[in-house]
Amino acid sequence: MSLDLATTRRIAKLARIGLEENELEATRQKLNGILGWIDQLAEVDVTGVPPMVGTETETLRQREDRVTDGNCRDALLACAPETSGPFYTVPKVVE
Amino acid sequence: MLTGLTLTEARAGLAARKFSARELAQAHLDAIGRLNTTLNAYITVLPEADVLASADAADARYAAGTAGIMDGLPIGVKDLFCTKGVRTTAASKMLADFVPSYESTVTANLLNAGAVFLGKTNLDEFAMGSANINSAFGPTTNPWKRTGDEATALVPGGSSGGSSAAVAAGMALAATGTDTGGSIRQPAAYCGIVGLKPTYGRCSRWGTIAFASSLDQAGPMTRSVADAGLMLEAMAGFDARDSTSSNRPVPEFHKAVGKSVKGLRVGIPAEYRAPGLPAEIVAMWEQGIAWLKAAGCEVVDVSLPHTRYGLTTYYIIAPAECSSNLARYDGVRFGLRKDAPSLDGVYEATRAAGFGQEVRNRILMGTYVLSAGYYDAYYLKAQKVRTLIKRDFENAFENVDVLLTPTAPSAAFAQGENMDDPVQMYLNDIFTVPASMAGVPALSVPVGLNDAGLPLGLQVIGRHFDEETVLSIGGALEAAAGFTHTPSIHAGAGA
Amino acid sequence: MSYTIEGRTGTWEIVVGLEVHAQVISHSKLFSGASTTFGGEPNTQVSLVDAAFPGMLPVINHECVAQAIRTGLGLNAQINLFSRFDRKNYFYADLPQGYQISQFEYPIVGKGTISIELQNGDVREIGITRLHLEQDAGKLLHDQDPTKSFVDLNRSGVALMEIVSEPDIREPEEAGAYLRKLRQILRYLGTCDGNMEEGSMRADVNVSVRKAGEPFRTRCEIKNVNSIRFVMQAIEVEAARQVEIWENGGQVDQETRLFDPSRGETRTMRSKEDAHDYRYFPDPDLLPLVLEQAWVDELATRLPELPDAKRARFQAEYGIAFYDAGVLIAEQAVADYYEAAAHGRDGKLAATWVMGDLFAALNRTGNTIETSPVSAAALGKMLDLIADKTINGKIAKEVFEDMVETGESPDAIVEKKGLRQVTDTGAIDAAITAVLEKHPDKLAEYRSGKDKLFGFFVGQVMKETKGKANPAMVNEALKTHLDA
């Protein structure tokens, strides 16, 4: 499969990576090179093969329902590039 | 030379009070001071006072007879492990100023065992790369040089290139690495040291910055196979905070080294003998086979028919997971933020500025293979092929105890080589990726030099949670090879 | 079909499916140990995991799994012993990880049903498609600053059950009945408090319209409607909007909309305008959730009695009407109160008192059943006094009002006020004699055939005894005197 510019733009938008028009084309070419190589997977017959998720050597462990965490607002907000009072802030969002 | 010891030797020296932990730490700080500008193996070196304070505490424990298994041993920490109060960058602009308030489980385990941290070692950004050239803090240089060519800077391998260079050059007795598709083993081979990727689940992933969750695994990078066993003992163990952590007991791994390997069955996968594999690699492999036969192993041919798809499968699954794992770097709660009038504008500007080229491309590739219309053809297909790869290993391990392969298809290459075509770069991981896909443990052992005087490694792959047999075979190879070469740039050189 | 929209081109029916997000009752979050308490200081109930710091990993909360199973059992649904968590990838300021951990391909609960009752008494089955566990998002505050939105992550990571109905709903009223019934079941189970004002239960409403016999047309999703009344209003206005579009030759776009109650209209949700591509894939930080059948069975045996079963039992056990049983089981606390008062007594009488005088008293005094000034035991005691003829029904009303006011026991009130019923035949005879002497004219009228005056004499005798005479004995004795 080959990647066109519109798809490259859509992917960049989905991934929220702001690319300039000239970067888009370079990116498209680079990804296409890799995709061309990846396409050899098409020849593998996977009929009846279940997908492997993680390494699946065990099943999910469950933790007890106890409050053991939180109450660390200062430590959290200290890492934030922008805050206001007890909040993180972002440019105004219209819902 | 205090900087030339193995962990095992240093531990013995400290226990016997031949030297103090402070002297040992100071020697390493001095070596880092001399060499780091050339090699750029460390992104962050801890303040001397802090390092020496840790060393003094270790000395006190030796005096009190309460020393842990890593006590007083100065090591480097890949800058992908979050370290409390110490900047943790993942070699990315995105986290250039990020100081975690928490300590990763693996580094906490090492601290509990008494290890002395020297600093945070360089890597490919977010562990994505095979040459340590994708670092926002500049590339790490391999301390090894081609014979007669001191001018050409070689890559240390990647992504744990800072760790491998530091250990090879005497800037740490050992270092932590992480391995997603070969990021411990390949740089270990390029730098002439030992690197062990344990079974997936052996070391907790909690507090280690994620690249591809189903593949990431921490492990030791050391100067001997016994050291790898010792350090893994300290790093490994069950962690309730990681749902994929295994609760199997942690054996005394270092005791596996030196155990007789007589009668063990060693499989040689036919498919790894790829056309175009350099003669020097084939020759080293043959040599390894001969050594193990001489040690009493039974060598048998095995087939891993899907192994040739390992790399392509990896380059779907790892980017897919990374595209999601790296979504949290959005400029809101930590790390870099680039302002813009809209929320999406902040996201796009921050992520464009914060991520380097390779990381961006992998995120985009991962986004693509998961997106509507392509998921089945790429991601789902890759997961199915991954099942086949894992089955290949399971089938092989019904007949053999370990597999022996080269670690990498070449020795270290020069900075600037293999840079234009990403696929060429990816091919460096062709021998290491399949074991990552299956989640089985694998070890790289330095066994010799090529004609250019560069180290080559052989890889031993074992069954799930059977690091011990891997270490026994690795120990046998190490003993037979007697690899004692040192790189041109190292702490002891010209001193 | 009772609810239709008459358009210019014909009659339209509506097709509605509901996705309810019900916050799971648990102490800590689905994948972190931070508290779930409502109303904490901003960003205090947030762990490193909830804020998606580098290297943080999810570990699932056992109780949240149990709550999902209980809910599935309560909805008569299939419990899937194998389920899995997937990541739903999208960027938004209330979503720190950049993905929501949810269950996409393999939900923990499969198909089930809810039976709802309409105003006219009709009962309908609404299909449940699935129930899955997922993380809640944080909260954005838009009114604190002219150029910024503020982010509070306290809710980020709290466990939600998303309960998806089949598109079986055909009337706004059915949607309301469905939500009330679902909320009732969740409350009975103790798996969600159902508090829509606090946002612990929210509904996304999928609405489309069609003409009878047609396949489904394009639907719109109205997000986060926070009251049952608004859900019903939103369906009406959205259906009308869609009919308008179709009839004008237009196309309804599949989109996410918001309901604005003050304007009584729906509008496109700006933040969801971009094409969705959630790139679901199995979360590699989590392994498959595999349940033991034995655990599911154990949870099933410990399930409380649910509304439908309780209603049927109340009818059978206490001989009360279907409607009354429905009123009494509407809330678990009322049902418990009723049962405590009715047990071993006259169930019908108990029902009359609870639904009549008690509800009126609660209303009047601004109390709930939990804060009722009259306990179920006290009401029961009063019913006993009626049963053993210590007081009659009329006096009981006076006793009850006193109980509401003073909180005293009915015995004490009866003693204090001397309200014990008069069963002494001598006293009753004396009262009758006195009454007859006072009203010789009426007596004459009665004896000349005016039977209706019997009631007058009963009333006068009761008055003479200050209401304390046993009415049956008064009747008996009066007959004897009058007919003598």
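Residues numbered from 1 in each chain as written. Chains lettered and ligands numbered in written order. Predicted model: local features only at pLDDT ≥ 70, side-chain atom pairs only at ≥ 80, totals over all residues.

Q: What exactly am I supposed to notice about the overall build of chain A here?
A: Broken down by element type, chain A carries 3 helices and 3 strands. Ordering the α and β elements of chain A from the N terminus gives α-α-β-α-β-β. Compactness check: chain A gives a C-alpha radius of gyration of 22 Å against a globular reference of 12 Å for 95 residues, more than 25% above the reference. Projected onto the principal axes, the alpha-carbon positions of chain A cover approximately 55 × 45 × 25 Å. Evaluated residue by residue, chain A yields a buried proportion of 29% over its 95 residues. (Helix = DSSP H or I, 4+ residues; strand = E, 2+ residues; numbered from the N terminus. Rg over C-alpha atoms; globule rule 2.2 N^0.38 Å. Buried ≥ 20, exposed ≤ 12 C-beta atoms within 10 Å, placed from the backbone.)

Q: Where do I start with the overall build of chain B in this structure?
A: Counting secondary structure elements, chain B contains 15 helices and 11 strands. Taking 23 Å as the expected radius of gyration for a compact globule of 495 residues, we find that chain B reaches 21 Å, a close match to that expectation. Expressed as lengths along the three principal axes of its C-alpha atoms, the size of chain B is roughly 65 × 55 × 50 Å. By residue count, 67% of the 495 residues in chain B fall in the buried class.

Q: Can you help me understand the interface of chain A and chain C in this one?
A: Taken together, the 32 residues of chain A in the interface contact 44 residues of chain C. If you list the elements that add at least two residues to the side of chain A that touches chain C, you get β1 (62-63), α3 (73-78) and β3 (87-91) of chain A. At 5 residues, the largest contribution of residues to the side of chain A that touches chain C is made by β3(A). Its residues placed into classes, the side of chain A that touches chain C shows 13 nonpolar, 8 polar and 11 charged. Where β3(A) and strand β10 (residues 148-152) of chain C come together, 4 bridges link them in antiparallel fashion. Counterpart to Pro91(A) in the pairing with β10(C) is Lys148(C). (Contact = placed C-beta atoms within 7 Å. Nonpolar A, V, L, I, M, F, W, Y, C, P; charged D, E, K, R; others polar. Pairing = 2+ DSSP bridges.)

Q: Is there a simple way to explain helix α10 (residues 393-406) of chain C in this structure?
A: Since the α-helix turns once every 3.6 residues, residues separated by three or four places project in the same direction. Residue and element names in this part refer to chain C. When the terminal C-alpha atoms of α10 are compared, their 20 Å separation across 14 residues agrees well with the 20 Å that a helix rising 1.5 Å per residue should span. Looking only at α10, the buried set comprises Ile 395, Ala 396, Val 399, Phe 400 and Met 403. For α10, the buried positions fall inside an angular range of 145° around the axis, keeping them on one side. Downstream of α10 by one or two residues, Gly 407 has phi in the positive range, about 70°. (Expected span 1.5 Å × (residues − 1). Arc of directions from axis to C-beta.)

Q: In this structure, what is going on with the nonpolar core? I would like to understand it.
A: Soluble globular proteins: nonpolar side chains tend toward being buried together. Residues Ile75(B), Ala169(B), Val402(B), Ile473(B), Tyr178(C) and Val205(C) are the most contacted members of the largest nonpolar core, which totals 268 residues. For Ile473(B), the contacting residues outside a window of four places in its chain are Val261(B), Leu264(B), Val266(B), Leu292(B), Val402(B) and Val460(B). Counting residues in each nonpolar core, the second largest holds 34 residues, with Ile329(C), Val374(C), Leu383(C) and Val399(C) among its members. (Core = buried A, V, L, I, M, F, W, Y, C linked by C-beta atoms within 7 Å.)

Q: Any chance you could explain the interface of chain A and chain B here in plain terms?
A: One widely used convention gives an interface's size as the accessible area the parts lose upon coming together. On the chain B side, the residues contacting the 41 residues of chain A number 55 residues. Along the lines of polarity and charge, the residues of the side of chain A that touches chain B split into 28 nonpolar, 7 polar and 6 charged.

Q: What is the right way to look at unusual backbone geometry in this model?
A: Negative phi is the rule for most residues except glycine; trans is the rule for most peptide bonds. Residues and elements named next belong to chain B. Of the consecutive residues Gly 158 and Ser 159, the connecting peptide bond is found in the cis state with omega at 10°. Along the chain, the position of Ser 159 falls in the loop between β3 (116-121) and α5 (161-168). With phi around 55°, Asn 40 is a residue other than glycine that occupies positive phi space. By secondary structure assignment, the location of Asn 40 is in the loop between α2 (21-39) and β1 (42-45). With 21 C-beta atoms counted inside 10 Å, the residue Asn 40 sits in the buried group.

Q: Explanation requested: the confidence of the model for chain B in the structure shown.
A: Atomic detail in the predicted coordinates should be set aside for any region of low pLDDT. Of all residues in chain B, 100% attain a pLDDT of 70 or more, and the chain-wide mean is 96. Reported confidence for the predicted complex is 0.97 by ipTM and 0.92 by pTM. (pLDDT = per-residue confidence, 0-100.)

Q: So what exactly am I meant to see when it comes to the pairing of strand β11 (residues 455-462) of chain B here?
A: Along any regular strand the residues' side chains alternate between the sheet's two faces. All names here are of chain B. Among the 8 residues of β11, 8 are classified as buried, and the element is accordingly described as predominantly covered. Residues Pro 455, Gly 457, Gln 459 and Ile 461 point to one face of β11 and Leu 456, Leu 458, Val 460 and Gly 462 to the other, with burial holding for every one of them. In terms of strand pairing, strand β9 (residues 402-406) meets β11 through 5 bridges, oriented antiparallel. In the strand pairing of β11, Pro 406 is matched with Leu 458.

Q: Honestly, helix α4 (residues 105-112) of chain B in this entry has me stumped. Any pointers?
A: All names here are of chain B. All of the buried residues along α4 are Thr 105, Val 106, Thr 107, Asn 109 and Leu 110. Where α4 is buried, its residues contact β2 (74-78), β4 (174-179), β6 (217-222) and α7 (225-235). Where α4 ends, the next residue or the one after it, Gly 114, has phi of about 100°, a positive value.

Q: In this structure, what is going on with the sheet that holds β3(A)? I would like to understand it.
A: Two strands in a sheet stick together by hydrogen bonds in their backbones, pointing the same way (parallel) or opposite ways (antiparallel). In space, the 4 strands of this open sheet follow the order β2(A)-β3(A)-β10(C)-β9(C), with antiparallel pairing throughout. Two strands in the sheet have a free side with no partner beyond their single neighbour: β2 (83-84) of chain A together with β9 (139-141) of chain C. The sheet contact formed by β2(A) and β3(A) spans 2 bridges and is antiparallel. When the sheet's bridge partners are listed, Ser84(A) is paired in β3(A) with Phe87(A).

Q: Explain the packing of helix α8 (residues 279-294) of chain B against helix α15 (residues 467-481) of chain B here, please?
A: The description of two helices packed together rests on the angle between their axes and the distance between the axes. Residue and element names in this part refer to chain B. Orientation of α8 relative to α15, taken along the N-to-C sense of each, is 105°, at an axis distance of 10 Å. It follows from the interaxial angle that α8 and α15 lie roughly perpendicular. Along the contact surface, α8 presents Gly 288, Trp 291 and Leu 292, while α15 presents Ile 473, Ala 476, Leu 477, Ala 480 and Ala 481. Residues belonging to the contact of α8 with α15 are distributed by class as follows: 7 nonpolar, 1 polar and no charged. (Axes fitted to C-alpha atoms, helices over the stretch in contact; angles between N-to-C directions. Parallel < 35°, antiparallel > 145°, perpendicular 65-115°, else oblique.)

Q: How do you make sense of the packing of helix α9 (residues 310-325) of chain B against helix α12 (residues 376-399) of chain B when you look at a structure like this?
A: Residues and elements named next belong to chain B. Their axes nearest at 9 Å, the elements α9 and α12 cross at an angle of 130°. With respect to α12, the element α9 is oriented oblique. Once α9 is placed against α12, the crossing between them reads as left-handed. Contact with α9, carried on its side by Gly 310, Thr 313, Ile 316, Ile 317 and Ala 320, involves Tyr 378, Tyr 379, Ala 382, Val 385, Arg 386 and Ile 389 of α12 and no other residues of that element. (Left-handed = near helix turned anticlockwise from the far one by under 90°.)

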